[in-house]
Amino acid sequence: MINRPRETPYRDELLADSSVHRRYEDGREEWRRREGGTRVRWHDNQGASGTDEQLGGRIIKRRYSDGRVTYGRDIGYGRTIWDGGETVLVNRTSFGGRMGVLLGGLGLAGLAITAAQLPPEELTPEEEEELRQQQQQQAAAPNSSGGADAGGGGDGGDWDSSDGWNSDDDGGWSDDDFG
C-alpha cells in the first residue's frame, strides 16, 4: 500500500520560559513544554490539550485530555505521520525538515508512504510498555546521542534522556519535539 498524505508544515519558536510555540501553516497553534522523561504536555488554540510521549520504534503516543489516544511515527527528515497515514507533519524549523523538502523536490525522498511506515492504529498496554523499554534501552546505550528513534530523526536536535535536552543552538529544545 502506498499513500500520498496531506502535508501540514509547521515551525517551532523557543520561548523565554523554555516552552515552545508551534505554528502550523493551516492556522493551528500549540504551546508545548517538556514534562520530564519522554513526554511533552501541550495545548492548542482550538481548546484541545494533552501529552505526547516518545515510545520506541519511532512511535509517538498522543493522549488527549478527553482520553482519546492516537499514534504517529517519525519517518525522518522532519516528518511525522499521523491519522493512519492521512497526514504528515513537516518540521520547517529544522535542518531535517528543510532537507526533506529539498530531497522531495528532487524526487530523492518522495512523499509516498508505505504500509511499513504507518503508525499503529492501537497498541495494548503491554505493547506500549515494550516500546517504552526499547526507548529507555536505546537512550541508555553507549555512544547514543538520541538517534532517530529517540526523537532526533536527523532533524537538528538530539534527545538525551539524562538531561532532557541536548542541542547546540536552541537553548536545549529538540527541533522535532515528537512531531
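All of these numbers come straight from a predicted model, not from anything done at the bench.

Draft legend 1. Here's a closer look at the sheet that holds strand E10 (residues 87-91). An order of E2-E3-E4-E5-E6-E7-E8-E9-E10 is seen for the 9 strands of this closed barrel, with the pairing classed as mixed. With direction set aside, neighbouring strand axes in the sheet form an average angle of 30°. The pairing of strand E2 (residues 6-14) with E10 spans 5 bridges and is classified as parallel. Of the residues in E10, the one forming a bridge with Glu 7 is Val 88.

Draft legend 2. Examining unusual backbone geometry more closely. Despite not being glycine, Tyr 77 shows a phi value in the positive range, around 55°. By the secondary structure assignment, Tyr 77 is in the loop between strand E8 (69-76) and strand E9 (79-82). The residue Asp 83 is not glycine, and still its phi comes out positive at about 55°. Residue placement: Asp 83 occurs in the loop between E9 and E10.

Draft legend 3. Examining helix H2 (residues 125-140) more closely. Given a rise of 1.5 Å per residue, 16 residues ought to cover 22 Å, and the 22 Å separating the end C-alpha atoms of H2 matches this to within 8%. Inspection of H2 places Glu 128, Leu 131, Arg 132 and Gln 135 among the buried residues, and these make up the whole buried set. Around the axis of H2, the buried residues are gathered within 105° of arc, so they sit on the same side. For H2, exposure combined with an orientation more than 90 degrees from the buried face picks out Glu 126, Glu 130, Gln 137 and Ala 140. If you follow the buried residues of H2, they end up packed against strand E5 (39-44), strand E6 (49-54), strand E7 (59-64) and E8.

Draft legend 4. Fine view of the layout of surface pockets. Of the pockets and cavities examined, the largest pocket occupies roughly 300 Å³. Lining the largest pocket are 17 residues; nearest its centre among them are Arg 28, Arg 62, Tyr 64, Asp 83 and Leu 89. Put simply, the parts of the chain that give the lining of the largest pocket at least two residues each are E2, E5, E7 and E10. By residue class, the composition of the lining of the largest pocket is 6 nonpolar, 4 polar and 7 charged.

Draft legend 5. Looking closely at the pairing of E5. A one-sided burial pattern is seen for E5, the buried positions being Val 40, Trp 42 and Asp 44 and the unburied ones Arg 39, Arg 41 and His 43. Pairing analysis gives 5 bridges linking strand E4 (residues 29-34) to E5, with the strands arranged antiparallel. Across the sheet, the residue bridging to Glu 30 is Asp 44, located in E5. Counting the residues between successive antiparallel strands, the hairpin from E4 to E5 contains 4 residues, one of them, Gly 36, with a positive phi of roughly 70°. The antiparallel pairing of E5 with E6 creates a hairpin that spans 4 residues between the two strands, and Gly 47 there sits at a positive phi of about 90°.

Rules of the game
- The written sequence of each chain sets the order in which its residues are numbered from 1.
- Totals for whole chains, interfaces and linings use every residue, but because this is a predicted model, local features are given only for residues with pLDDT of at least 70 and side-chain atom pairs only at 80 or more, for both listing and counting.
- The side-chain quantities take in all heavy atoms of the structure and omit both hydrogens and water.
- By the convention used here, strands pair only if DSSP detects at least 2 bridges between them.
- Secondary structure elements follow DSSP: runs of H or I of four or more residues count as helices, runs of E of two or more count as strands, with numbering from the N terminus.
- For helices, the fitted axis covers only the stretch in contact; all axes are lines through C-alpha atoms, and the angles between them, taken along N-to-C directions, range from 0 to 180 degrees.
- Expected helix span is computed as 1.5 Å times (number of residues minus one).
- Burial classification: accessible surface area is computed with a 1.4 Å probe over protein chains only, and a residue below 20% of its type maximum counts as buried, one above 50% as exposed, and the rest as partly exposed.
- The directions considered for the arc run from the helix axis to the C-beta atoms.
- Two residues form a contact once any of their heavy atoms are found within 4.5 Å.
- A cavity here means a set of 1 Å grid points, computed over protein atoms only, where a 1.4 Å probe fits but cannot escape. A pocket is an open set with protein on both sides within 12 Å along at least 5 of 7 lines, and lining residues have an atom within 4 Å of a point.
- Grid points are joined across faces, edges and corners, and a volume is the space filled by probe spheres set on the points.
- Only Asp, Glu, Lys and Arg are considered charged, only Ala, Val, Leu, Ile, Met, Phe, Trp, Tyr, Cys and Pro nonpolar, and every remaining residue, Gly among them, polar.

What is shown is where atoms sit, not what they do.
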